[in-house]
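# Observations on chain architecture
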Amino acid sequence: MRYLIGTNIKMYLGYRESLRWLADMNRDVPETDLADAALFPPMLSLVNGRDLISKRNISLGAQNVCWSHEGPYTGEISPLVLRELGIPYAELGHHERRLYFNETDRTVAKKISAALFCGLKTLVCVGEDADRRDSGAEEFARDQIQALLAGNSDAPPERLVVAYEPRWAIGVAEAAPPEHARRCCDAIRGKLVEIFGPENGREIRIIYGGSVKLEDAADMLEQKNINGLFIGRAALDTKNFAKVVEIAARQAEADQNGGGAARRPASKKPRAAKKPRL
Ligand code: PGA
């Protein structure tokens, strides 16, 4: 499976800065058949930003869309307009959309249906709050997948990506421990297989997001059901993001050669074992 490294840069950059960032991404991200990059810049930069992207493995996406493709919805962004502009992805259900803009599983499920109806690919975010971190995280992720995707069980797997983003790990100092991410992504995989069937359910990419830094990438990507990463602040530095794409391509190559961890660069010192955070 090709890995997917995504980044949502939220509202961190202005319009001109976003265009510069997109141009730098196009310069820095390696063009490879082993790893894709999906960039979610601020909405207004998508129109002109599209012309700055020429590498075949880089796609653009919107950080949100409306749950209808047309009608009396003042201030909303139609998924059909994104389609018209040639923007392939819509990111839906991010924690900050739920927290600050009152989105619920019900409205996110409607947005997923509208985006798929308009021919977009959807990147669907799920993940538990801090109170479920130590107990019930897997069950919570499974329930969210059911609520968000069961109504679209006939969607082609290449048009769906699930981002597992535990809410307690977003915007903090450290990503979730890889073992926690692994358990929840395994549970998500089980649920996807249940909804979409064994073949399609295994083809949908599951990516981990929440305070990912360059040094987390290799450990996360070694996990079988983590098929990519979703990065926020750390991707403001385009060279950093490009290095994560390189790591993903190396892991994809290792997978093709029979699995196991990708060989790390020889110069890198082994990392001290982290204390378990339980
Ligand atoms: P962060 O953002 O990497 O800055 O925590 C991740 C996200 O919200 O997807």
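Note that the coordinates shown come from a computational prediction; the quantities given were computed from them, not determined experimentally.

### Quick word on the pairing of strand 1 (residues 3-8)
For strand 1, the buried fraction is high: 6 of the 6 residues fall into the buried class. Neither face of strand 1 is exposed, since Tyr-3, Ile-5 and Thr-7 on one face and Leu-4, Gly-6 and Asn-8 on the opposite face are all buried. Relative to strand 2 (residues 35-40), strand 1 runs parallel, the two sharing 6 bridges. Within the sheet, the bridge partner assigned to Leu-4 lies in strand 2 and is Asp-36.

### Overview of the packing of aromatic side chains
A full pass over the atoms with the stated rule returns 4 aromatic pairs. When the centroid spacing of 5.1 Å and the interplanar angle of 65° are considered together, the rings of Trp-67 and Tyr-73 count as edge-to-face. Within the aromatic cluster, the residues linked to one another by ring pairs are Phe-40, Tyr-89 and Phe-230. Here the basic side chain of Lys-110 rests over the ring of Trp-67, its NZ or CZ set 3.8 Å away from the ring centre.

### Re the site of the ligand
Close to the ligand lie Lys-10, His-94, Glu-165, Ile-170, Gly-171, Gly-210, Ser-211, Val-212, Phe-230, Gly-232 and Arg-233, which account for all nearby residues. At a separation of 2.7 Å, an oxygen atom of the ligand approaches a polar backbone atom of Gly-171. Note that an oxygen atom of the ligand is positioned 2.9 Å from one of the backbone N or O atoms of Ser-211. Computed on the free molecule, the ligand has an accessible area of 280 Å², of which 100% lies beneath the protein chains in the complex. Class assignment for the residues of the shell around the ligand results in 3 nonpolar, 5 polar and 3 charged.

### As for the nonpolar core
By size, the foremost hydrophobic cluster in this structure holds 71 residues, and its most contacted members are Leu-149, Tyr-208, Leu-229 and Phe-241. Ranked by residue count, the leading element in this core is helix 10 (residues 238-256), at 8 residues. Among residues more than four places away in sequence, those in contact with Leu-229 are Leu-4, Ile-5, Gly-6, Ile-207, Tyr-208, Val-212, Ala-217, Met-220, Leu-221 and Val-244. Formed by 10 residues, the second largest nonpolar core is a distinct cluster that contains Leu-4, Tyr-89, Leu-123 and Ala-163.

### Notes on the state of the cysteines
A covalent bond between the sulfur atoms of two cysteines is what we call a disulfide. Applying the stated criterion across every chain, the model contains 0 disulfides. Distance from the sulfur of Cys-118, which forms no disulfide, to the nearest cysteine sulfur (Cys-66) is 9.9 Å. As a non-bridged cysteine, Cys-185 has Cys-184 as the owner of its nearest cysteine sulfur, 7.0 Å distant. The buried category is assigned to Cys-185, whose relative accessible area is 0%.

### Thoughts on the confidence of the model for the protein
Predicted coordinates in regions of low pLDDT should not be interpreted in detail. On average, residues of the protein score 94 in pLDDT, and 94% of them are at 70 or above. Confidence over residues 265-278 falls short of pLDDT 50; this stretch has 12 contacts with residues more than four positions distant or in other chains.

### Considering the packing of helix 5 (residues 105-117) against helix 6 (residues 137-149)
In contact at an axis separation of 8 Å, helix 5 and helix 6 are set at 50° when each is read in the N-to-C sense. As judged from the angle between their axes, helix 5 and helix 6 are oblique. Facing helix 5, whose interface residues are Asp-105, Val-108, Ala-109 and Ile-112, helix 6 presents Gln-144, Ala-147, Leu-148 and Leu-149. Taken together, the residues of the contact of helix 5 with helix 6 sort by class into 6 nonpolar, 1 polar and 1 charged.

### Points about the environment of Cys-118
Within the fold, Cys-118 resides in the loop between helix 5 and strand 5 (121-126). If sequence neighbours within four positions are ignored, Cys-118 has contacts with His-69, Pro-79, Leu-80 and Arg-83.

### Looking at unusual backbone geometry
Its identity is not glycine, yet Lys-10 carries a phi of approximately 50°, on the positive side. Tracing the sequence through the fold places Lys-10 in the loop between strand 1 and helix 1 (15-28). Even without a glycine there, the phi angle at Asn-102 is positive, about 60°. Structurally, Asn-102 can be placed in the loop between helix 4 (95-101) and helix 5. Classification of Asn-102 as exposed rests on a relative accessible area of 63%.

Definitions and limits used
- Residues numbered from 1 in each chain as written.
- Predicted model: local features only at pLDDT ≥ 70, side-chain atom pairs only at ≥ 80, totals over all residues.
- Heavy atoms only, no water.
- Buried < 20%, exposed > 50% of the residue type's maximum accessible area, 1.4 Å probe, protein only.
- Helix = DSSP H or I, 4+ residues; strand = E, 2+ residues; numbered from the N terminus.
- Pairing = 2+ DSSP bridges.
- Phe/Tyr/Trp six-rings, centres within 6.5 Å; stacked < 30°, edge-to-face > 60°.
- Lys NZ or Arg CZ within 6 Å of the ring centre and 35° of its normal.
- Near = heavy atom within 4 Å.
- Polar contact = N/O pair within 3.5 Å; in protein donor to acceptor, adjacent residues only side chain to side chain.
- Areas by Shrake-Rupley, 256 points an atom, 1.4 Å probe, with all protein chains shown as cover.
- Nonpolar A, V, L, I, M, F, W, Y, C, P; charged D, E, K, R; others polar.
- Core = buried A, V, L, I, M, F, W, Y, C linked by side-chain atoms within 4.5 Å.
- Contact = heavy atoms within 4.5 Å.
- Disulfide = S-S within 2.5 Å.
- pLDDT = per-residue confidence, 0-100.
- Axes fitted to C-alpha atoms, helices over the stretch in contact; angles between N-to-C directions.
- Parallel < 35°, antiparallel > 145°, perpendicular 65-115°, else oblique.

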